[in-house]
Structures are given as structure tokens and as C-alpha cells.
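Descriptive structure summary
Given next are the chains, with one letter for each unit.
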Amino acid sequence: MYDIRRLILLHDLAELTTMTAVSERHGITTSAVSQQMRLLEDEVGAVLTRREGRVLRLTHAGRVLVDHTARIIAALEEAESAVAATGESVSGVLTLATFNTALSRLAIPAATRLNREYEGLRVRLVDAVPVDSVPAVRQQEVDLAITYTYSFRTGELPVGLGTEFLFTDPLVLLAPESMHERARKYGLEAVADADWIAAKDGAPSIASIMFSCRQSGFTPRIEHRSGNFGSMAEMVDHGFGVTVVPEMSVPESAKHLVACPVVNGAREIGVTYRKASLERPAVAAAIRALRMAAVPLRLAS
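Residues numbered from 1 in each chain as written. Predicted model: local features only at pLDDT ≥ 70, side-chain atom pairs only at ≥ 80, totals over all residues. Heavy atoms only, no water.

Observations regarding the overall build of the protein chain
- A tally of regular secondary structure across the protein chain gives ten helices and ten strands.
- Principal-axis analysis of the C-alpha atoms places the extent of the protein chain at approximately 70 × 50 × 30 Å.
- The buried share among the 301 residues of the protein chain stands at 44%.
- Counting only contacts in the protein chain whose residues sit at least 6 apart along the sequence, the fraction spanning at least 24 positions is 74%.
- On the protein chain, roughly 15,700 Å² of surface is accessible, and the fraction owed to carbon and sulfur atoms is 51%. (Helix = DSSP H or I, 4+ residues; strand = E, 2+ residues; numbered from the N terminus. Buried < 20%, exposed > 50% of the residue type's maximum accessible area, 1.4 Å probe, protein only. Contact = heavy atoms within 4.5 Å. Areas by Shrake-Rupley, 256 points an atom, 1.4 Å probe, with all protein chains shown as cover.)

Put into C-alpha cells, the structure is as follows:
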């Protein structure tokens, strides 16, 4: 029978592609990882990796073994969750990843409810955007992640993960109040000639601006850059330009800047989890708490 610890190292090597990265994840030396990989190849009787430049890629035998290992890891977690479900208490440590704008509106209310209802449970909050938090869920670095998907994008989750929809977060135009009447009548076309405020290229939020503007028949003239929605609203308030942001990100002090919703523009907010962990009492309790925290946000959207 193959050594499960070595299988997990190979599983991580498939994702991280270097012995150094695997050693850092597991807190062991690179030489120890290399030795365990050699022993695993001896057990299997086949070459499992090949070097391509600075990285390691799986051979066909390695890929087959990693695919089976993923199912083994999931089965082990299912067993752990099932055993935990036989207990009467919700306890232990639960790590919840959340992107910044969902922290105060969703993560903190849910974590507060959990801390109040379950004395034996400790909730850890981690700030992470979905591009980082989804892999972290898959790698069991966090238990759950509050995630979003823009309405104009489609994406598939890694095998073994699922997402429960919580609520829709509409995209809105922030503009000086003098532009609101025209924006409500003509939409984004009303601000086609304005200066725009956006995040850096490659950020999810700038993709929402570019998509929304293209839908309205123009390319925005981006003059100012900021990665913080609150700072973007402040710039709009001081007359530097206009922008499109998720409604949930608009601070109370900037509500007067909301000119109109963006047609066909929204983020779908959800909680992403490992399917194998759903029977774990702490995970199930956390998902219930997030559903409760999302109710007022769902009604407002």
C-alpha cells in the first residue's frame, strides 16, 4: 500500500511544481521532499515527474496517481467529517477567508453569531480575494471562503469544491450629483466623456468597468488608479471622475454618489467549501450563519 504522506507531497507538487514550494508548505527540507518522492517512485515502480526548465511536471503515471490521491484525500476528509458529526458539540477552529468588502457586512456578523452560539468554536478570519481563497479551500488551508463571480464571467470550480449562492451585489455608477439625472436617463453613455477611476490592469474590478462601458458603446478614459473602493468613492466626491463599483462596497458616507445601477452588471456572492467537509458540524454551522448574515443583503439587492 502506498504511503499516504508521500502521496500528499506528490499531490502538492502537481500544483506547486517545485520541491522548494512543497517543502515550504509542509515545513520540511527540500532534500526531505526529494527523498520522499524517490521512495514513492520505488513503491510505484514508475517515474512520476519530469523536469521542464525550473519546474517539475507529472508523467502520465504521476497524473493518474495524483487523480486518485485527490479522491483519497476527499474520502479521508469525508470520514473525518462524518465522525465529527456524531458528536453533539460544535467545536475546534474554523478558518473563514473573505474578500475585504464582505468582511464587515458578512464575515464579521457570521463569526460573531458563531462565537456567541458555540463556546467551543474559535473562528479565524483571513483577508483573501477569490483567486487566492479558492485554492486555499482546496488545499485545506482554510475551511470556507466568501467568494464572488461577476455576472459577465463564467468559471468552473476545482473538482471537490462547491459554492452556495448567498445574494446578488449589483454594480453601480458613482458620479458627481450633477451627472445623476442624465445618468438615470441614459445610463453609462451619459458619462462616456468623463475621466474614469479604476483599479490596476488585471484586477477583477477593472474588468467590470471595461465590460460595462463596452456594453454601452465606448472605452473609458482611465485617468486615476486605486485598488480601494472607499478611496475611489472619495475621488469621485472630490470631482476627479466617475467609476463603477459593487454596491456593497459603497461606504455610507458616499451613498449620495450612487447615480444608477449598471445594466446586466452584478457580482454573485457565495460561500465556497469542500464537499467532503459539509458534514463537519463547524462547517455546517458556519454556512448557516452566513445564510443568516446574508438575509438583509439579499433583501436590499
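Topic: the nonpolar core
- L94, L106, L144, I146, L173 and W196 are the most contacted members of the largest nonpolar core, which has 53 residues in total.
- Here this core takes ten residues from helix α10 (residues 281–300), the largest share from any one element.
- Counting residues in each nonpolar core, the second largest holds 14 residues, with L7, L13, V22 and L65 among its members. (Core = buried A, V, L, I, M, F, W, Y, C linked by side-chain atoms within 4.5 Å.)

Details of the packing of helix α2 (residues 19–26) against helix α3 (residues 30–44)
- Following both chains from N to C, one finds α2 and α3 inclined at 105°, their axes separated by 8 Å at the closest point. By the angle class used here, α2 and α3 are roughly perpendicular. Every residue of α3 that contacts α2 at M19, T20, V22 and S23 is listed here: T30, V33, S34 and M37.
- Of the residues belonging to the contact of α2 with α3, the class tally is four nonpolar, four polar and no charged. (Axes fitted to C-alpha atoms, helices over the stretch in contact; angles between N-to-C directions. Parallel < 35°, antiparallel > 145°, perpendicular 65-115°, else oblique. Nonpolar A, V, L, I, M, F, W, Y, C, P; charged D, E, K, R; others polar.)

Quick notes on a nonpolar patch on the surface
- On the surface, I4, I72 and L76 cluster together into a nonpolar patch covering about 230 Å² of accessible area.
- Examined against the element boundaries, L76 turns out to sit in helix α4 (residues 60–85).
- On the basis of relative accessible area, L76 is assigned to the partly exposed category, the value being 48%. (Patch = residues over 30% accessible without salt bridge, like charges linked within 9 Å, V, L, I, M, F, W, Y side chains within 5 Å. Salt bridge = Lys/Arg side-chain N within 4 Å of Asp/Glu carboxyl O.)

A word on the packing of aromatic side chains
- If you walk through the whole model with that rule in mind, you get three aromatic pairs.
- Plain terms: the ring middles of Y148 and Y150 are 5.6 Å apart, the flat faces sit at 75° to each other, and that makes the pair edge-to-face. Accessibility assignment for this pair places Y148 and Y150 in one class, buried.
- What links up through ring pairs into an aromatic cluster is the set F99, Y148 and Y150.
- Over the ring of Y148 we find R267; its NZ or CZ atom is 4.7 Å from the centre of that ring. (Phe/Tyr/Trp six-rings, centres within 6.5 Å; stacked < 30°, edge-to-face > 60°. Lys NZ or Arg CZ within 6 Å of the ring centre and 35° of its normal.)

Topic: the sheet that holds strand β10 (residues 258–274)
- On the basis of which strands lie adjacent, the open sheet formed by six strands has the order β4-β3-β5-β10-β6-β9 and mixed pairing. The outermost strands of the open sheet, each flanked by one partner alone, are β4 (121–127) and β9 (243–246). On average, each strand axis in the sheet is inclined to that of its neighbour by 25°, with strand direction left out of account.
- Across three bridges, the pairing between strand β3 (residues 92–98) and strand β5 (residues 144–150) is parallel. Bridge assignment links A97 to a residue of β5, and that residue is A145.
- Of the strands in this sheet, β3, β4, β5, β6 (161–174) and β10 touch helix α5 (residues 100–117), which is tilted by about 175° from β4.
- In the packing of helix α6 (residues 130–138) onto the sheet, the strands contacted are β3, β5, β6 and β10, and the crossing angle to β5 comes to about 135°. (Pairing = 2+ DSSP bridges.)

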